[in-house]
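Summary of structural features
Here are the chains, one letter per residue:
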Amino acid sequence: MKKMMTATGLATLMLLGACGGNADDKAADNIEAMTENRADALEDQADLTSNEQVEDALEAQAENVRDMGEDAADKADDDDNAQVEQAVRNRM
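Read on for a plain summary of the structure. All residue numbers here refer to positions counted from 1 along the written sequence of the relevant chain. pLDDT decides what is reported in this predicted model: residues at 70 or higher carry local features, side-chain atom pairs at 80 or more are listed and counted, and totals for whole chains, interfaces and linings draw on all residues regardless. As a rule here, side-chain values come from all non-hydrogen atoms in the structure, and water together with hydrogens is ignored.

Re the side chain of Arg 66
Secondary structure elements follow DSSP: runs of H or I no shorter than four residues count as helices, runs of E no shorter than two count as strands, and numbering proceeds from the N terminus. Position of Arg 66 relative to the elements: it lies in helix α3 (residues 52–78). To sort residues, take the accessible area from a 1.4 Å probe on protein chains only and compare it with the maximum for the residue type: under 20% means buried, over 50% means exposed, and anything in between is partly exposed. With relative accessibility at 16%, the residue Arg 66 sits in the buried group. Here Asp 40 takes part through its side chain, which lies 2.7 Å from a polar atom of the side chain of Arg 66. Note on contacts: a residue pair qualifies if any of its non-hydrogen atoms lie within 4.5 Å across the two residues. For Arg 66, the residues in contact, after removing those within four places along its chain, are Glu 36, Ala 39, Asp 40 and Glu 43. Two N or O atoms form a polar contact when they lie within 3.5 Å of each other; inside protein one atom must be a possible hydrogen donor and the other a possible acceptor, and for residues adjacent in sequence the pair counts only when both atoms belong to side chains.

Below is the structure:
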């Protein structure tokens, strides 16, 4: 009986330790993917323009989007708050 309780306790601890797949982790991944796609689209748009000032502005905007995405993904993960994803989606 004692071995069974120990085994059950260990199994429970292992399951709790494997809970890294929370909604906040998925939200962080989604935020990174969403902002990376947006930044790529801005860079593609920059490549298509013949105006150097517009190109520079679009590339700067792409970098800002990437930075914002990294910060928001970290916030979602650190704060265990999956609602950050919707806030990012609303900003884009």
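Some points on a negative patch on the surface
Patch membership requires over 30% relative accessible area and the absence of a salt bridge. Like charges are linked within 9 Å, and nonpolar side chains (Val, Leu, Ile, Met, Phe, Trp, Tyr) within 5 Å. To measure how exposed things are, a 1.4 Å probe is used in the Shrake-Rupley method; for residues, cover is taken only from the protein chains shown. Every case where a carboxyl oxygen of Asp or Glu lies within 4 Å of a side-chain nitrogen of Lys or Arg is listed as a salt bridge. Positive charges come from Lys and Arg alone, negative charges from Asp and Glu alone, with His and the N- and C-terminal ends not counted. Taken as the charge location is NZ of Lys, CZ of Arg, CG of Asp or CD of Glu. The grouping of Asp 29, Glu 32, Glu 63, Asp 67, Glu 70, Asp 71, Asp 74, Asp 77, Asp 78 and Asp 80 at the surface amounts to a negative patch. Of all elements in the fold, only α2 (23–48) and α3 reach the threshold of two or more residues within the negative patch. Locating Glu 70 in the fold gives a position in helix α3.

Quick notes on the nonpolar core
Ala 28, Ile 31, Met 34, Met 68, Ala 72, Ala 73, Ala 76, Val 84 and Val 88 together form the largest nonpolar core, which totals nine residues. Within the residue set of this core, elements represented by two or more residues are α2, α3 and α4 (84–91). Among the elements that make up this core, the one with the highest residue count is α3 (four residues). Within the second largest apolar cluster, six residues are counted, among which are Ala 46, Leu 58, Ala 62 and Val 65. The criterion is simple. A nonpolar core is a set of buried Ala, Val, Leu, Ile, Met, Phe, Trp, Tyr and Cys residues joined through side-chain atoms within 4.5 Å.

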